[in-house]
Amino acid sequence: MSGEYDALLERIRGSLNDGKDASRSRFELPPADVMWEGQRTYLRNFAEFAKVLRRDPLKILQYLSKEFAVPAEKIGDKAMFIGKREPDDFARLFRIYLREYVECPTCKSPDTGTIKENRISFLVCEACGAKSTLKGKYA
Ligand SMILES: [Zn+2]
């Protein structure tokens, strides 16, 4: 009985996600691989996020540190945060980061790069060529 119930839940979840994320279905953020040690949280696949997002790992680290309002440190491919954070906390922040620093506002493509002109950062889209101003400083 419970197996059927789980399968049903999975189907419902699947269809909910389909509706919400249809526009970026081909772009998947990796699941956060989190480990706790005392009062510290380690994001073990931090480097993977930086690679997928194609942004400077140190800028991403600064962003997470600011949003969590805790000190953070990059240790090899991992990132360490003071305090206990859940995988969902990371997933939420990475989704916001993706929207604000990676996704093209014009065509929603995640295939973008950043350039700096006269100390102002721009997002340049490789798909449609649009150039847009970046509001924040974490790209
Ligand atoms: Zn675009």
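From a predicted model like this one, the values you see are computed outputs, not experimental measurements. (Residues numbered from 1 in each chain as written. Predicted model: local features only at pLDDT ≥ 70, side-chain atom pairs only at ≥ 80, totals over all residues.)

**Student:** Residue-level account of the overall build of the chain, with values.
**Tutor:** In terms of helices and strands, the chain carries four helices and seven strands. Taken across its 139 residues, the chain has 19% of its residues classed as buried. Long-range pairs, those at least 24 residues apart, make up 43% of the contacts in the chain between residues at least 6 apart in sequence. (Helix = DSSP H or I, 4+ residues; strand = E, 2+ residues; numbered from the N terminus. Buried ≥ 20, exposed ≤ 12 C-beta atoms within 10 Å, placed from the backbone. Contact = placed C-beta atoms within 7 Å.)

**Student:** Quick one: what's the story with the sheet that holds strand 7 (residues 131-133), residue by residue and with numbers?
**Tutor:** Reading across from one edge, 5-6-7 is the order of the three strands in this open sheet, with antiparallel pairing throughout. Lying at the two open borders of the sheet, with one neighbouring strand each, are strand 5 (112-117) and strand 7. Pairs of neighbouring strands in the sheet enclose a mean axial angle of 30°, with direction left out of account. (Pairing = 2+ DSSP bridges. Axes fitted to C-alpha atoms, helices over the stretch in contact; angles between N-to-C directions.)

**Student:** An account of unusual backbone geometry is requested, with residue identities and associated values reported.
**Tutor:** Within the chain, K108 stands out as a residue other than glycine whose phi angle is a positive 70°. Its place among the elements puts K108 in the loop between helix 4 (87-102) and strand 5. Accessibility expressed as a C-beta count within 10 Å gives 14 for K108, which makes it partly exposed. Unusually for a residue other than glycine, R119 sits at a positive phi of about 65°. Along the chain, R119 turns up in the loop between strand 5 and strand 6 (120-125). When the 5 C-beta atoms within 10 Å are taken as the criterion, R119 is described as exposed.

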